[in-house]
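Secondary and tertiary structure notes
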Amino acid sequence: MTSGSHYTPLVQGDVNGDGSARNDIAFIYDPATAADPAVAAAMGRLLGSLDGNARECLASQLGGIASRNSCVGPWQPSLDLQLNWRPGMFDNRMALSFSTVNLLGGLDELFHGADDLSGWGLNRNPDATLLQVTGFDPKSREFQYSVNERFGATGANANAVRAPFQVALQMRYSIGQDRGRDIRRNFFGGQGAQPVSLVAQMKGRLDSISPNPAREALLRRDSLALDARQVVALQLLVDSSEARLRPALDSLNAEIERGGTNPDIQKIFPLFNEVQRIARTDRDSAVVATRRILSEAQWALLPEWVRNPTQGNPFFGGGRGGQPGAGGAGGRPGGGRGRP
């Protein structure tokens, strides 16, 4: 739905001598005081036939020159429809698309016929011409006018330009190199990556993108001299994070397996983003919880990229410690375990 456009009551004719016959603002005659009986009668009929904003616009300005953009047209509906379907056959290489342009216009013609349109889907521009010049009186030095009693009309007969109705059915089939599959492979592990191993690879990437401080502390239990109570508390944090992450990983794995050798990357990435969101949320909460479990001396012994994991590049690279990691397989950005 589009709100109505503003327009100005105009005179058809160059009454101000500027060389243009389509931009002169009209004087709105009051039927009760207009000197020309024909103009007075026509204005009376026009005001009686109008409703809504068009009538209000004229009635509020009787006896004076119209204000610029003082009238507002009606709201305009429009509808374009597109349906896309990937049937899943042929290794997900085929996609079908059905689309329409100006569907409302097509339904209007279907239900009412081409000769009796109701104006659905039209670009409903109101008729802005209020007065038409019919002559000039040299004695009174005044123009003579007739009233356009179709002022403000927006019906099918008032609009010469109509938006066409179009229907399109398209089929796309990828032949040869599949760009989507190459992007997926390059991102998740190079040309040799297999779909069944993508989840394991992604978990490895998550450890680099969103390191869990509790897990990193457990890996350093000897150097940190963790006691039994601390080990149990840290392991509980790690297990809780794994439990929250598992449903999202299972959904991702199911979508990858459903796609076979060529999963739909447009479906995979939103699921991967959800996995990453959960991992980052757990990472942020684990930083606070791990710091409470460790002593100040133990916390200070952890690497900077564990204590402040958000300082590095938050996605695909940056390495650990904020330094660029080594390039990965298949040309993907580095995310290796760089050290400050």
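Here we summarise the structure given alongside this text. A quick note: this is a predicted structure, and the numbers were derived from the prediction, not measured. (Residues numbered from 1 in each chain as written. Predicted model: local features only at pLDDT ≥ 70, side-chain atom pairs only at ≥ 80, totals over all residues. Heavy atoms only, no water.)

1. Looking at the sheet that holds strand β11 (residues 166–173)
Taken together, the three strands give an open sheet; going across it, the order is β7-β8-β11, and neighbouring strands pair in antiparallel fashion. Edge positions in the sheet fall to β7 (81–85) and β11, since each of these pairs with one other strand and no more. Across the sheet, the mean angle separating the axes of adjacent strands is 10° when strand polarity is ignored. Taken together, the eight bridges between strand β8 (residues 94–101) and β11 define a ladder with antiparallel strand orientation. Among the inter-strand pairings, Ala95 is bridged to a residue of β11, identified as Arg172. (Pairing = 2+ DSSP bridges. Helix = DSSP H or I, 4+ residues; strand = E, 2+ residues; numbered from the N terminus. Axes fitted to C-alpha atoms, helices over the stretch in contact; angles between N-to-C directions.)

2. Quick look at the state of the cysteines
A complete count under the given rule lists one disulfide for this structure. Residue Cys57 pairs covalently with Cys71 via a disulfide, S to S 1.9 Å. Here Cys57 and Cys71 share a disulfide; its torsion about the S-S bond, -75°, makes the bridge left-handed. You can see Cys57 sitting in helix α2 (residues 52–59) and its partner Cys71 sitting in strand β6 (residues 71–72), a full 14 residues away along the chain. (Disulfide = S-S within 2.5 Å.)

3. A look at the nonpolar core
Met43, Leu46, Leu58, Leu130, Leu131, Val147 and Phe151 are the most contacted members of the largest nonpolar core, which has 22 residues in total. Where this core is concerned, the elements lending two or more residues are β2 (10–12), α1 (37–49), α2, β9 (129–137) and β10 (142–147). Among the elements that make up this core, the one with the highest residue count is α1 (five residues). Of all hydrophobic cores here, the second largest spans 15 residues; its members include Ala217, Leu218, Ile293 and Leu294. (Core = buried A, V, L, I, M, F, W, Y, C linked by side-chain atoms within 4.5 Å. Buried < 20%, exposed > 50% of the residue type's maximum accessible area, 1.4 Å probe, protein only.)

4. As for the environment of Arg229
Residue position: Arg229 is located in helix α8 (residues 228–258). According to the relative accessible area criterion, Arg229 is exposed, its value standing at 54%. Each C-alpha atom of the pair Arg229 and Ile293 lies 9.0 Å from the other, and the pair is 64 residues apart in sequence.

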